Each structure stands twice: as structure tokens, then as C-alpha cells.
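So you can see what is in the structure, the chains are spelled out below.
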Amino acid sequence: MTTFIATVDRYDVKEPDDCQWGLEADGGNWTGIVGTLQHEKADFSMDLTLTPQRAAVVDFGRVYIDETLVILSLKPRPLPEYLSLIRPFESKWRSYMCAILFTLSQVLVGMWLLACLILRAIYVSSLISHLVKGGESPVINTIEEMVKSGQHEGWQWGTVSMSGAFNSFLSTSTNPAFHVAKKFMQV
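Rules of the game
- Residues numbered from 1 in each chain as written.
- Predicted model: local features only at pLDDT ≥ 70, side-chain atom pairs only at ≥ 80, totals over all residues.
- Heavy atoms only, no water.
- Helix = DSSP H or I, 4+ residues; strand = E, 2+ residues; numbered from the N terminus.
- Buried < 20%, exposed > 50% of the residue type's maximum accessible area, 1.4 Å probe, protein only.
- Contact = heavy atoms within 4.5 Å.
- Areas by Shrake-Rupley, 256 points an atom, 1.4 Å probe, with all protein chains shown as cover.
- pLDDT = per-residue confidence, 0-100.
- Core = buried A, V, L, I, M, F, W, Y, C linked by side-chain atoms within 4.5 Å.
- Arc of directions from axis to C-beta.
- Polar contact = N/O pair within 3.5 Å; in protein donor to acceptor, adjacent residues only side chain to side chain.

J.: Can you tell me about the overall build of the protein chain, naming the residues and giving the values?
T.: Check the secondary structure of the protein chain and you find 7 helices and 0 strands. The linear arrangement of helices and strands in the protein chain, starting from the amino end, is α-α-α-α-α-α-α. Looking at the protein chain as a whole, 13% of its 187 residues qualify as buried. Across the protein chain, every contact between residues at least 6 apart in sequence was considered, and the portion connecting residues at least 24 apart equals 34%. Of the roughly 16,500 Å² of accessible surface on the protein chain, 61% is carried by carbon and sulfur atoms.

Structure (C-alpha cells):
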């Protein structure tokens, strides 16, 4: 349309000196296209958005097209040939992938919860059996068993006093386990 108007000899098509649409400046003056119209350096403008502030300074004609936003883009190009195999999945590809990932995450969470449930059941049953049965140490019936446990498991033994018949019994015994018992006896 502006090209058609420019072909008519009565009008010159030009941009404002500051290349702006029009912002309010100090003292009631405006910049850009609004300022050009305000100071009557132009007769009219073909492309200026109507706002209440601009309408107070410039007279607007009837608005025939009211579009709030126009988007310009390049014409879509065809997909390269190597992508022709995935064209059937283009529109649904993302939704399929999201559904698969969501399902996998649910399965993994379910497996994790099942593993936690099984481990909890094993732990609780083991704890209950230990609490009911209790930890029993092996019974020692002879001094040989006591000495053997002391050598292998680090047990210790002692007495209040090492005197009298007990001392002579351990000292004169022919059993070597009794001599070891006396040697490591704590008093």
C-alpha cells in the first residue's frame, strides 16, 4: 500500500528522523512518528498503534484492522531426505516418549518400593527373632573350653584372690590347660 501511495506524486514516503514509533518526551513533545505528526511535518501515518496517550496528541482515523500482534516467519522448508524415516512419528513422537518415560519411572518407583518392603520385612522378622530368642553365648563346661575360647575369641577370666586351694590346684595339675588358665588369670 505504501508503494502505491508513493507512486502518486502528491506524497513522499519517509521514516522519522529518529526511527522511533513515538515516545512521550519532556514538555509534552513526542518522538518518532507521533512527534512528526504532532509538529505537522507529515500529513498522516499508515502504521501507528492507537493508544490513549497518543490519541490525546494526534487525531486518529477509523481503525479498519485491529490486530494486536503479527508474527512473520520464513516459509517452512521440507525436511531433509534422511529424516523421512521418522516423519510418520513427528506429531506423536514426543507424546510417545513422554508416556514411555513416565511408565518407566512408575515401574522403577514401584520396584524400589517393593524392594524396600521386602527388606523391611526381612529386617523386622530378623529383629523380632533376635529379641525373642536373645543372643546366647556358648556354654563353657570345662576349663579346656574356657582356655580355648580365650585363645580364639579373646575371652578373659579372673578371680577375687589367687590363694589357697584354688591356687595350688591350678599350680599342681597335670593338665596344661589349667596352667594356661592360671597364667592369664586376672586378679
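J.: I'd like to hear about the confidence of the model for the protein chain, residue by residue, with values.
T.: Parts of the model with low pLDDT should not have their predicted coordinates read in detail. Scored by pLDDT, the protein chain comes out at a mean of 77, with 79% of its residues at no less than 70. The spread of mean pLDDT over the elements of the protein chain runs between helix 1 (residues 2-7), the lowest at 54, and helix 4 (residues 93-133), the highest at 86.

J.: Any chance you could break down the nonpolar core for me, citing the residues and the numbers?
T.: It is characteristic of soluble globular proteins that their nonpolar side chains tend to be buried jointly. Counting residues in each nonpolar core, the largest one holds 8 residues, listed as Met-146, Val-147, Trp-157, Leu-170, Ala-177, Phe-178, Ala-181 and Met-185. Secondary-structure elements contributing two or more residues to this core are helix 5 (143-153) and helix 7 (176-183). Broken down by element, the residue count for this core peaks at 3 residues, all from helix 7. Dropping the residues within four chain positions of it, Phe-178 is found in contact with Ile-143, Glu-144, Phe-169, Leu-170 and Ser-173. Grouped together as the second largest cluster of nonpolar side chains are 6 residues, Trp-30, Val-34, Leu-37 and Val-58 included.

J.: Mind laying out helix 7, listing which residues take part and the relevant values?
T.: Every buried residue of helix 7 is listed here: Ala-177, Phe-178 and Ala-181. With its buried residues spanning 100° around the axis, helix 7 presents them on a single face. Residues of helix 7 that are exposed and point over 90 degrees away from its buried face: Pro-176 and Lys-183. Backbone nitrogen of Ala-177 and a side-chain oxygen of the N-cap are separated by 3.1 Å at the start of helix 7; the cap is Asn-175.

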